[in-house]
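The lines below spell out each chain.
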6 protein chains.
Amino acid sequence: MEPVTLIPNNSLLTATPEEGRQLAIKMARLIIKTTQPDAQVRETLRGVYASDAMMLIAIGQTVATEFSTIAAANNYWHDVRP
Amino acid sequence: MEPVTLIPNNSLLTATPEEGRQLAIKMARLIIKTTQPDAQVRETLRGVYASDAMMLIAIGQTVATEFSTIAAANNYWHDVRP
Amino acid sequence: MEPVTLIPNNSLLTATPEEGRQLAIKMARLIIKTTQPDAQVRETLRGVYASDAMMLIAIGQTVATEFSTIAAANNYWHDVRP
Amino acid sequence: MEPVTLIPNNSLLTATPEEGRQLAIKMARLIIKTTQPDAQVRETLRGVYASDAMMLIAIGQTVATEFSTIAAANNYWHDVRP
Amino acid sequence: MEPVTLIPNNSLLTATPEEGRQLAIKMARLIIKTTQPDAQVRETLRGVYASDAMMLIAIGQTVATEFSTIAAANNYWHDVRP
Amino acid sequence: MEPVTLIPNNSLLTATPEEGRQLAIKMARLIIKTTQPDAQVRETLRGVYASDAMMLIAIGQTVATEFSTIAAANNYWHDVRP
């Protein structure tokens, strides 16, 4: 089994908040992938959590915590002009 | 499927705390949208979580974490006169 | 439906920690209100969570996170003489 | 009903970490008290959560978050000689 | 009942990260002890949570939050040579 | 029973974000190990949580909190060129 790369580009720095948000989602998913390497099991579980209100909310909590770290790492993109 | 924009205006900076709070709610909802793209499923789930005490509380926890990031990004709106 | 004001006085700054704590509770409740606008439903849910140990604990977790943001915003009221 | 005082002495500052920890527990309990003012109901719920592993763990999570705020407020008691 | 000492040595400062981690676990356990003083009940509950996946995960969440406070208190042991 | 080493190399400092992420996972697992020392029980529980959507999400929340501490400890690897 190829070890899972947990952080794409091995960096928390992104050009914009939107990319930082995408990174937070990706990082959260990669933890699920590294904990459950079987793609088929994950696909089945996707069907479960994507239609379960509490699980969708819980995913949001994980992304919120990951994003708080990424946002701090990028100094909240203060130097980025929207 | 059009990719979901995760952060409106691609910025965490808002004019006031109230707008920051609205952004926190919006960002939390957009994670649910990007995880469950089917609007009909989401509408059904809305009926579930909007009348379930524990789920409403859990949504509040997500918004609280998102807001803590947005508040820090805006330096707690110290430069804003209420 | 009148949009819900999410942060009274549109400011995180309070005169004292006690007021900051009250604001944290108020902000948490306003997220429940904006997610479930129906006052009657909320009143029914109040009866549910106010007598459910796990839900009461979960409310405490939300308030604790909201308060950590408000306390940081007020620099922990270091300039306030109790 | 007398409004509940949410933060004893209206201050997050304590002489030592131990007092800070006691304040965190007290603040967590006062949120339960202000959400469920009926002492008898609370006493019944105490019997529930004090013998439920998951609820005891959840209480610990709340205290941990409250304590992180109090510890930051006291600059981690760096100026206190144990 | 002897009041429970909540923070051994009444200090968050430890010589190394490993000791900081042990302190985080100890502090989490002492909250359970002070909430449920009966050693026999706690021993029974230990048997419950030590073989319940979700409870073990929840304990990990508490320790992670306690540790984040202790790590910040020790400036992440930057002055400690491993 | 040999006491469990909770933090490999007794340091939160890592060369890269990817290593920091691996450390976060490792630290989370070591808390489960120190709470449940029996390897066979843990292996059985692994089969449970690795195929349970909510538990996989909860593990992600723990890793996210651990990682936020490690990232802060490493100053978000600002001095590391990807």
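For the structure itself, look to the data block above.
Values in this document were obtained by computation on a predicted structure and should not be read as measured data.

K.L.:
Please clarify how the overall build of chain A should be interpreted in this entry.
P.N.:
In terms of helices and strands, chain A carries three helices and zero strands. Oriented by its inertia axes, the alpha-carbon framework of chain A measures out at about 40 × 35 × 15 Å. Residues counted as buried form 56% of the 82 residues belonging to chain A. Long-range pairs, those at least 24 residues apart, make up 62% of the contacts in chain A with a sequence separation of at least 6. Entry remark: accessible area of chain A is about 3700 Å², with carbon and sulfur atoms responsible for 52%. Taken together, the 7 basic and 8 acidic charged side chains of chain A have centroids lying 2 Å from each other.

K.L.:
Before we go on, may I ask you to explain helix H3 (residues 53-73) of chain E in this structure?
P.N.:
Given 3.6 residues to a turn, an α-helix orients residues that are three or four positions apart in the same direction. All names here are of chain E. Taking 1.5 Å per residue as the helical rise, H3 with its 21 residues ought to reach 30 Å, and the 30 Å between its terminal C-alpha atoms agrees with that figure. Among the 21 residues of H3, 19 are classified as buried, and the element is accordingly described as predominantly covered. Two or three places before Met54, at the opening of H3, Asp52 has a side-chain oxygen 2.9 Å from that residue's backbone nitrogen. Looking one or two residues past H3, Asn75 carries a phi angle of roughly 50°, positive in sign.

K.L.:
Could you clarify how one ought to interpret the relation of the copies chain C and chain B in this entry?
P.N.:
Think of it as a corkscrew move, a rotation about one axis and a shift along it, taking one chain copy to the other. Each copy of the sequence occupies a distinct position, and chain C is placed on chain B by a rotation of 60° and an axial shift of 0.0 Å, giving an RMSD of 0.0 Å. Look at the turn and shift together and you get a six-fold axis relating the two. Taking the C-alpha atom as reference, chain C places Thr65(C) closest to the rotation axis, 6.8 Å from it. Comparing interface residues between copies, only 16% of those in chain C also sit at the interface in chain B, which points to a heterologous contact through distinct surfaces.

K.L.:
In this structure, what is going on with the packing of helix H1 (residues 17-35) of chain B against helix H3 (residues 53-73) of chain B? I would like to understand it.
P.N.:
Residue and element names in this part refer to chain B. Where H1 contacts H3, the two axes come as close as 8 Å, and the packing angle between them is 130°. On the basis of their axis angle, the class for H1 and H3 is oblique. For the element pair H1 and H3, the recorded crossing hand is right-handed. Contacts from Pro17, Gly20, Arg21, Leu23, Ala24, Ile25, Met27 and Ala28 of H1 reach H3 at Thr62, Val63, Glu66, Phe67 and Ile70. In the contact of H1 with H3, the residues fall into nine nonpolar, two polar and two charged.

K.L.:
For this particular structure, what's the right way to read the interface of chain D and chain E?
P.N.:
Reports of interface size often rely on the accessible area that becomes lost once the parts have come together. Counting residues at the interface gives 29 residues for chain D and 31 residues for chain E. At the junction of chain D with chain E, the criterion picks out one salt bridge. Inspection of the chain D/chain E interface yields eleven residue pairs in polar contact (both at pLDDT 80 or more). Sorting the residues of the side of chain D that touches chain E by element identifies helix H1 (17-35), helix H2 (39-49) and helix H3 (53-73) of chain D as the ones contributing at least two each. Here the side of chain D that touches chain E is built from residues that sort into 16 nonpolar, eight polar and five charged.

K.L.:
Even after reading the chapter, I still don't get the environment of Asp79(F), so can you show me in this structure?
P.N.:
Residue position: Asp79(F) is located in the segment after helix H3 (53-73). Spatially, the C-alpha atom of Asp79(F) lies 17 Å from that of Arg21(F), the residues being 58 residues apart in sequence.

K.L.:
I keep staring at the environment of His78(E) and nothing clicks. Help me out?
P.N.:
Within the secondary structure, His78(E) is located in the segment after H3. Classification of His78(E) by relative accessible area gives partly exposed; the value is 29%. For His78(E) and Thr16(E), which are 62 residues apart along the polypeptide, the C-alpha to C-alpha distance reads 9.7 Å. In contact with His78(E), not counting residues within four places along its chain, are Leu13(F) and Ala73(F). Only 2.6 Å separates the side chain of His78(E) from the backbone oxygen of Ala73(F), close enough to count as a polar contact.

K.L.:
How do you make sense of the relation of the copies chain D and chain E when you look at a structure like this?
P.N.:
Overlay of chain D on chain E (RMSD 0.0 Å): rotation 60°, translation along the axis 0.0 Å. Take the interface residues of chain D: only 17% of them recur as interface residues in chain E, which is what a contact between different surfaces looks like.

K.L.:
Help me understand the packing of aromatic side chains in this model?
P.N.:
Residue and element names in this part refer to chain D. Under the criterion given, the structure shown has six aromatic pairs over all chains. Note on Phe67 and Trp77: the rings are 5.7 Å apart at their centroids and 20° apart in plane angle, and the pair reads as stacked. Residue Phe67 is located in helix H3, and its partner Trp77 is located in the segment after H3; the two are separated by ten residues in the primary sequence. Its relative accessible area of 0% is what places Phe67 among the buried residues. Residue Trp77 is classed as buried on the basis of its relative accessible area, which comes to 4%. Above the ring of Phe67, the side-chain terminus of Arg21 is found at 4.9 Å from the ring centroid.

K.L.:
Could you clarify how one ought to interpret the arrangement of the chains in this entry?
P.N.:
Left apart from each other, chain A and chain E have a closest C-alpha approach of 12 Å. For chain B and chain E, which are not in contact, the least C-alpha distance works out to 14 Å.

K.L.:
Just to check I follow, could you spell out the side chain of Ser11(F) for this structure?
P.N.:
Residue and element names in this part refer to chain F. Checked against the element boundaries, Ser11 lands in the segment before helix H1 (17-35). Assessed through its relative accessible area of 12%, Ser11 is described here as buried. Reaching out from Ser11, the side chain makes a polar contact with the backbone nitrogen of Leu13 at a distance of 3.0 Å.

K.L.:
I keep staring at the interface of chain C and chain B and nothing clicks. Help me out?
P.N.:
Listed per partner, the contact involves 31 residues of chain C and 29 residues of chain B. Of the roughly 2400 Å² buried between chain C and chain B on both sides combined, carbon and sulfur atoms contribute 70%. Between the two partners, chain C and chain B, sit one salt bridge. If you look at where chain C meets chain B, you find eleven residue pairs in polar contact (both at pLDDT 80 or more).

Each value, and the rule that gives it
- Residues numbered from 1 in each chain as written.
- Chains lettered and ligands numbered in written order.
- Predicted model: local features only at pLDDT ≥ 70, side-chain atom pairs only at ≥ 80, totals over all residues.
- Heavy atoms only, no water.
- Helix = DSSP H or I, 4+ residues; strand = E, 2+ residues; numbered from the N terminus.
- Buried < 20%, exposed > 50% of the residue type's maximum accessible area, 1.4 Å probe, protein only.
- Contact = heavy atoms within 4.5 Å.
- Areas by Shrake-Rupley, 256 points an atom, 1.4 Å probe, with all protein chains shown as cover.
- Lys, Arg positive; Asp, Glu negative; His and termini not counted.
- Charge placed at Lys NZ, Arg CZ, Asp CG, Glu CD.
- Expected span 1.5 Å × (residues − 1).
- Polar contact = N/O pair within 3.5 Å; in protein donor to acceptor, adjacent residues only side chain to side chain.
- Least-squares fit on C-alpha atoms with pLDDT ≥ 70 in both.
- Axes fitted to C-alpha atoms, helices over the stretch in contact; angles between N-to-C directions.
- Parallel < 35°, antiparallel > 145°, perpendicular 65-115°, else oblique.
- Left-handed = near helix turned anticlockwise from the far one by under 90°.
- Nonpolar A, V, L, I, M, F, W, Y, C, P; charged D, E, K, R; others polar.
- Salt bridge = Lys/Arg side-chain N within 4 Å of Asp/Glu carboxyl O.
- Phe/Tyr/Trp six-rings, centres within 6.5 Å; stacked < 30°, edge-to-face > 60°.
- Lys NZ or Arg CZ within 6 Å of the ring centre and 35° of its normal.
- Buried area = accessible area lost by both parts, 1.4 Å probe.

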